[in-house]
Amino acid sequence: MAPPSSSLPAGPATELSLAVERAYHEVVVIDRLGALWALILAKCFLAQWAIDKFVMPISGLRYIWSLTLAMAVVATLLYLRAHRAQFALFPHQFRVSTAILGGLLVAQGFLLYAHFALGHLSAAVTAGLAASLFGAWSLARASLKRAPEPLVGALLWWGLAATALAGADGDALLWVGLGFLVAQALPGFALARRLERAARV
């Protein structure tokens, strides 16, 4: 199999240069994948909000969430396979980001448990707290990557969190969906695009 092509000149450090290029490539692949997942979740939340808001005779769980997420998982596996992503090559900051994201998802799970199982939190409060946690996640990414795009996303998440807390329960899904769209997906695509351009220089 032919060695991967590189824009870097040949020399004694060619192998190291190729490893650096692969690392940059994998960072862009994962950032773009995260933005795509944010876009998918935005679509699910906004579609579910519209179904509930306008009383559409559609099963959101069956036709929105189940089908969309199942296809997204398959597409993710094919995407990673196409780009030949190797988790062993992922940089340290990505592993730290993954650990922080795992803690965030556990915290979100407790929020959902308090709302659905215990009934302690209203939908608006649950959405507001969830959005504030996603803002903290974006702030952590901005610090790890030293990038302005996730910081903008964090500010947008917190603005939507304040709006959700002051809003009605019926609009809770709307604010979360908009958060995934404007505070997560768009900054994610912008960051991936900037990193891709930087890697070509």
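Here the structure is a predicted model, which means the values were calculated and not measured. (Residues numbered from 1 in each chain as written. Predicted model: local features only at pLDDT ≥ 70, side-chain atom pairs only at ≥ 80, totals over all residues. Heavy atoms only, no water.)

A. Quick look at the overall build of the protein. In terms of helices and strands, the protein carries 6 helices and 0 strands. Each helix and strand of the protein, ordered N terminal to C terminal, gives the series α-α-α-α-α-α. Relative to its full complement of 201 residues, the protein shows a buried share of 35%. Long-range pairs, those at least 24 residues apart, make up 68% of the contacts in the protein between residues at least 6 apart in sequence. Accessible surface computed for the protein: about 11700 Å², of which carbon and sulfur atoms make up 71%. (Helix = DSSP H or I, 4+ residues; strand = E, 2+ residues; numbered from the N terminus. Buried < 20%, exposed > 50% of the residue type's maximum accessible area, 1.4 Å probe, protein only. Contact = heavy atoms within 4.5 Å. Areas by Shrake-Rupley, 256 points an atom, 1.4 Å probe, with all protein chains shown as cover.)

B. Layout of the pattern of salt bridges. Within this structure, the stated rule accounts for 6 salt bridges. Of the charged contacts, one joins Arg141 and Asp31 as a salt bridge, the two residues approaching to 3.2 Å between their closest N and O atoms. One end of the pair, Arg141, is in helix H4 (residues 123-145); the other, Asp31, is in helix H1 (residues 14-53), with 110 residues separating them in the sequence. Its salt-bridge partner being Asp31, residue Lys145 comes within 3.2 Å of it at the nearest N-O pair. On the criterion of sequence distance, the pair formed by Lys145 in helix H4 and Asp31 in helix H1 is long-range, its members being 114 residues apart. Of the residues examined, Asp31 reaches a relative accessible area of 7% and is grouped as buried. One continuous salt-bridge network, built from bridges that share partners, spans Asp31, Arg141 and Lys145. (Salt bridge = Lys/Arg side-chain N within 4 Å of Asp/Glu carboxyl O.)

C. Representation of helix H2 (residues 60-82) within the structure. An ideal rise of 1.5 Å per residue puts 33 Å on 23 residues; H2 measures up with 31 Å between its terminal C-alpha atoms. Of all the bends in H2, the largest measures some 25° and sits at Ser66. Residues Gly60, Ile64, Trp65, Thr68, Ala72, Thr76, Tyr79 and Leu80 constitute the buried set of H2. (Expected span 1.5 Å × (residues − 1). Bend = angle between axes of the 7 residues up to and from the residue.)

D. Expanded view of the nonpolar core. Ranked by size, the top nonpolar core spans 20 residues in total, and within it Phe134, Trp157 and Phe180 carry the most contacts. At the level of secondary structure, the elements contributing two or more residues to this core comprise H1, H2, H4, helix H5 (148-166) and helix H6 (172-200). Sequence-distant contacts of Phe180, that is, excluding residues within four places in its chain, are made with Ala38, Leu41, Ala42, Phe45, Phe134, Trp157 and Ala185. (Core = buried A, V, L, I, M, F, W, Y, C linked by side-chain atoms within 4.5 Å.)

E. Fine view of the environment of Ala123. In this fold, Ala123 is placed in helix H4. In this structure the C-alpha to C-alpha distance between Ala123 and Ala168, which are 45 residues apart in sequence, comes to 8.2 Å.

F. Structural detail: a nonpolar patch on the surface. Together, Phe54, Met56, Ile58, Tyr63, Leu67 and Met71 give the surface a local cluster of nonpolar side chains, amounting to about 630 Å² of exposed area. By the element assignment, Phe54 lies in the loop between H1 and H2. Classification of Phe54 as exposed rests on a relative accessible area of 53%. (Patch = residues over 30% accessible without salt bridge, like charges linked within 9 Å, V, L, I, M, F, W, Y side chains within 5 Å.)

G. Representation of the confidence of the model for the protein. Of all residues in the protein, 82% attain a pLDDT of 70 or more, and the chain-wide mean is 87. Ranking the elements of the protein by mean pLDDT puts H1 last, at 82, and H5 first, at 98. (pLDDT = per-residue confidence, 0-100.)

H. Quick peek at the packing of aromatic side chains. Tallying each qualifying case throughout the model produces 6 aromatic pairs. Where Phe45 meets Phe180, the ring centres are 5.7 Å apart and the plane angle is 15°; that geometry is what we call stacked. Taken together, the positions of Phe45 in helix H1 and Phe180 in helix H6 put the pair 135 residues apart, joining distant regions of the chain. The pair formed by Phe45 and Phe180 is uniform in burial state, with each residue classed as buried. Ring geometry for Trp49 against Phe54: centres 6.1 Å apart, planes inclined by 80°, an arrangement best described as edge-to-face. Through a chain of ring-to-ring contacts, three or more aromatic side chains come together here, namely Phe45, Trp65, Phe134, Trp157 and Phe180. (Phe/Tyr/Trp six-rings, centres within 6.5 Å; stacked < 30°, edge-to-face > 60°.)

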